[in-house]
Amino acid sequence: MNERFTYDINRGRVLFGAGMLDTIGEEVERLGARRALVLSTPAQRGDAARLATQLGARAAGTFCEATMHTPVDVTLKAMTAYEAANADCVIAFGGGSTIGLGKAIAWRNDAPQIVVATTYAGSEVTPILGQTENGLKTTVRDPKILPEVVIYDPLLTLELPVAMSVTSGLNAMAHAVEAVYARDRNPISTLMAIEGVRALRDALRVIVNEPRNIAARSAALYGSWLCGTVLGTVGMALHHKLCHTLGGSFDLPPAETHAIVLPHSAAYNADAARRELKPLADLFGGEIGEGLYDFAASLGAPLALKNFGLNESQLDHAADLAAKNPYWNPRPIDRGAIRELLQRAWEGVRPERRTSVEAPA
Ligand code: NAD
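Cut-offs used in this document
- By convention here, each chain's residues receive numbers from 1 onward along its written sequence.
- A pLDDT threshold of at least 70 governs which residues receive local features in this predicted model, and a stricter bar of 80 or more applies before side-chain atom pairs are shown or counted, although totals over entire chains, interfaces and linings include all residues.
- Hydrogens and water molecules were not included; the side-chain quantities draw on all heavy atoms of the structure.
- For the purposes of this entry, the term helix denotes a DSSP run of H or I that reaches at least four residues, the term strand denotes a run of E that reaches at least two, and both are numbered from the N terminus.
- Both definitions apply: the radius of gyration is a C-alpha atom measure, and the globule rule equals 2.2 Å times residues to the power 0.38.
- For the exposure calls, accessible area comes from a 1.4 Å probe over protein chains only, and a residue counts as buried if that area is under 20% of its type's maximum, exposed if over 50%, partly exposed in between.
- Areas reported as accessible are Shrake-Rupley estimates using a 1.4 Å probe. Residue values count occlusion only from the protein chains shown.
- Positive residues here are Lys and Arg, negative ones are Asp and Glu, while His and the chain termini are left out of the count.
- The atoms used to mark charge sites are NZ of Lys, CZ of Arg, CG of Asp and CD of Glu.
- Nearness is judged by heavy atoms alone; a residue qualifies as near a molecule or strand once a single heavy atom is within 4 Å of it.
- The definition of a polar contact used here is a pair of N or O atoms within 3.5 Å, where within protein one atom must be able to donate a hydrogen and the other to accept one, and adjacent residues in sequence count solely through side-chain atom pairs.
- Under this grouping Gly is polar, as are all residues other than the nonpolar Ala, Val, Leu, Ile, Met, Phe, Trp, Tyr, Cys and Pro and the charged Asp, Glu, Lys and Arg.
- We call Phe, Tyr and Trp rings a pair once their centres come within 6.5 Å, taking the six-membered ring for Trp, and we label the pair stacked below 30 degrees between planes, edge-to-face above 60, and tilted otherwise.
- Lysine and arginine charges are scored as sitting over a ring when NZ or CZ, respectively, is within 6 Å of the ring centre and within 35 degrees of the ring normal.
- To obtain each axis, a line is fitted to C-alpha atoms, and for helices this fit is confined to the stretch in contact; angles are then taken between N-to-C directions over 0 to 180 degrees.
- Each helix crossing is assigned a hand: it is left-handed if the near helix lies turned anticlockwise from the far helix by less than a right angle, otherwise right-handed if that turn is clockwise.
- Residue contacts are counted whenever heavy atoms from the two residues lie within 4.5 Å of one another.
- Two strands pair under a simple rule: DSSP has to find at least two bridges between them.
- The term salt bridge refers to a pairing of a side-chain nitrogen on Lys or Arg with a carboxyl oxygen on Asp or Glu at a separation within 4 Å.

A. Up close: the overall build of the protein. Tallying secondary structure elements over the protein gives 13 helices and eight strands in all. Relative to the compact-globule value of 21 Å for 361 residues, the protein shows a C-alpha radius of gyration of 20 Å, a close match. Projecting the C-alpha coordinates of the protein onto the three principal axes gives extents of approximately 65 × 45 × 40 Å. Looking at the protein as a whole, 57% of its 361 residues qualify as buried. Entry remark: accessible area of the protein is about 14,800 Å², with carbon and sulfur atoms responsible for 52%. One way to put it: in the protein the 35 positive side-chain charges average out to a point 1 Å from where the 39 negative ones average out.

Right, dumping it as structure tokens:
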């Protein structure tokens, strides 16, 4: 091996396995904290309340208004609750939306964070926060944002609906697909990306038929941990930019958007990053875009953006936004080709095999 690379390891403690939630009280103490504010979405309010009961005197209360895209007004409300409850740490119980709220609080007041991850989106292991204000989504990266402790307990994911399991699993895979061609990749991030996709591929195939299969739920969390880790380690490109634009500017649901766009963004980069993508393409039958599309279809994943409130007339604007502020991508950003990509993702048709090579091999 004659590569040169830099590898920055994000600190963080991970507790993994069935029943691990039972250790959470000790983790609060280990952080030197005494009163945890438990965060959740309205849908997971019951879980948050049970966790607060489990924590007893170590709980400062619950705040159950987490919502997607981390709106700043919700964060400010949660901070008022945090101060009123005299809390000294946060526990985010849920997926990326709740984790985003915990991160938004910690970024502002440096509260220690414990995350109990219940989806596969991967946010719990990144120092990245996406938040929205006045319809604009911005992203910040700061070591303060990285949660100190993550608990992966597959027993908490047995009720994650199959549809959400599939879309959040594909969302995690998207991090890994972009990680293998990232300019700042290294052999370890590539290893984790490939293993993360393999684990999720195998696990999701089981989960769609047996959602309560603990081994498959465990493997899916393992895969999402690896995929989330590479998201936190190396830079992302076209796929994340597109999903960020579609989510932030057109209010599309994040996990579904990732799931739908991924085969198309991968196909866009397939030739330009053929060597880097090969180990992943091989996991899906040889062609990355088509393979991911067929895999998503076989799981019953959503395939068309038109079913999520995006009008065809908005595609031009979306393409303009995605081509604005040029950023690095293995294949140069071509507004016309992005517009075609969006059309296919909107209609839900299989990506077209691309034969031209726009970037040096
Ligand atoms: P989510 O957190 O929005 O959850 C979707 C719904 O599923 C919510 O109602 C939630 O309460 C419910 N849910 C979660 N876990 C459940 C379970 N085990 N059982 C039953 N219901 C459950 O969805 P998500 O896909 O995890 O997160 C998406 C958000 O995360 C987006 O805003 C995205 O931008 C963000 N994200 C951020 C990063 C990052 O590094 N900053 C990484 C990935 C995703």
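Don't stop here, the text continues.
B. Main features of the site of the ligand. Taken together, 25 residues lie near the ligand, and Thr 41, Ser 97, Thr 118, Thr 119 and Thr 126 sit nearest. One of the side-chain N or O atoms of Thr 41 is found 2.5 Å from an oxygen atom in the ligand. In the environment of the ligand, an oxygen atom lies 3.5 Å from a nitrogen or oxygen atom belonging to the backbone of His 69. Within the complex, 82% of the 860 Å² of free accessible area of the ligand lies under protein. For the shell around the ligand, the secondary structure elements donating two or more residues are helix H4 (96-109), helix H5 (162-180) and helix H9 (254-269). Take the shell around the ligand: its biggest share by element is three residues, from H4. Across the shell around the ligand, the residue classes break down as 10 nonpolar, 12 polar and three charged.

C. Highlighting the packing of aromatic side chains. Under the criterion given, the structure shown has four aromatic pairs. Put simply, the rings of Phe 16, Tyr 152 and Trp 225 pair up and form one aromatic cluster. Sitting above the plane of the Trp 346 ring, Lys 306 keeps its charged end 5.8 Å from the centroid. Above the plane of the ring of Tyr 268 lies Arg 331, whose end atom (NZ or CZ) is 3.8 Å from the centre.

D. Spatial organisation of the packing of H5 against H9. Interhelical geometry of H5 versus H9 gives an angle of 35° and a closest axis separation of 8 Å. Crossing angle aside, the handedness with which H5 passes H9 is left-handed. Residues Thr 167, Ser 168, Leu 170, Asn 171, Met 173, Ala 174, Val 177 and Glu 178 of H5 touch H9, and the partners they reach there are Ala 255, Glu 256, His 258, Ala 259, Leu 262, Ala 266 and Asn 269. The residue inventory of the contact of H5 with H9, partitioned by class, reads eight nonpolar, five polar and two charged.

E. Spatial organisation of the side chain of His 258. Along the chain, the position of His 258 falls in helix H9. Dropping the residues within four chain positions of it, His 258 is found in contact with Asn 171, Ala 174, His 239, His 240 and Cys 243.

F. Region of interest: the side chain of Glu 27. Position of Glu 27 relative to the elements: it lies in helix H1 (residues 24-30). Classification of Glu 27 by relative accessible area gives buried; the value is 3%. Apart from residues no more than four positions distant in its own chain, Glu 27 is found in contact with Arg 13, Leu 15, Ile 114 and Val 149.

G. Up close: the sheet that holds strand S4 (residues 89-94). Read across the sheet, six strands follow the order S1-S8-S5-S4-S2-S3 without closing on themselves; strand pairing throughout is parallel. Single-partner strands in this sheet number two, and they are strand S1 (13-16) and strand S3 (59-63). Recorded for the sheet is a direction-independent mean angle of 15° between the axes of neighbouring strands. Sheet analysis places strand S2 (residues 36-39) next to S3, joined by four bridges and oriented parallel. Bridging across to S3, Val 38 finds its partner in Thr 62. Helix-sheet contacts for helix H3 (residues 72-84) involve S2, S3 and S4, and the interaxial angle to S3 is about 155°.

H. Structural view of the pattern of salt bridges. Scanning the model with the defined rule gives 17 salt bridges in all. Across the salt bridge formed by Arg 274 and Asp 271, the nearest N and O atoms sit 2.6 Å from each other. For Arg 274, a relative accessible area of 37% corresponds to the partly exposed category. Looking at Asp 271, the relative accessible area reads 13%, which means it is buried. Residue Asp 294 is joined to Arg 350 by a salt bridge in which the shortest nitrogen-to-oxygen separation is 2.7 Å. With a gap of 56 residues between them, Asp 294 in helix H11 (residues 288-298) and Arg 350 in the segment after helix H13 (335-347) connect regions that are remote in the sequence. The exposure class of Arg 350 is partly exposed, given its relative accessible area of 41%. In this structure, a network of salt bridges that share partners links the residues Glu 195, Arg 198, Arg 201 and Asp 202.

Limitation: the analysis is restricted to geometry and does not speak to function.
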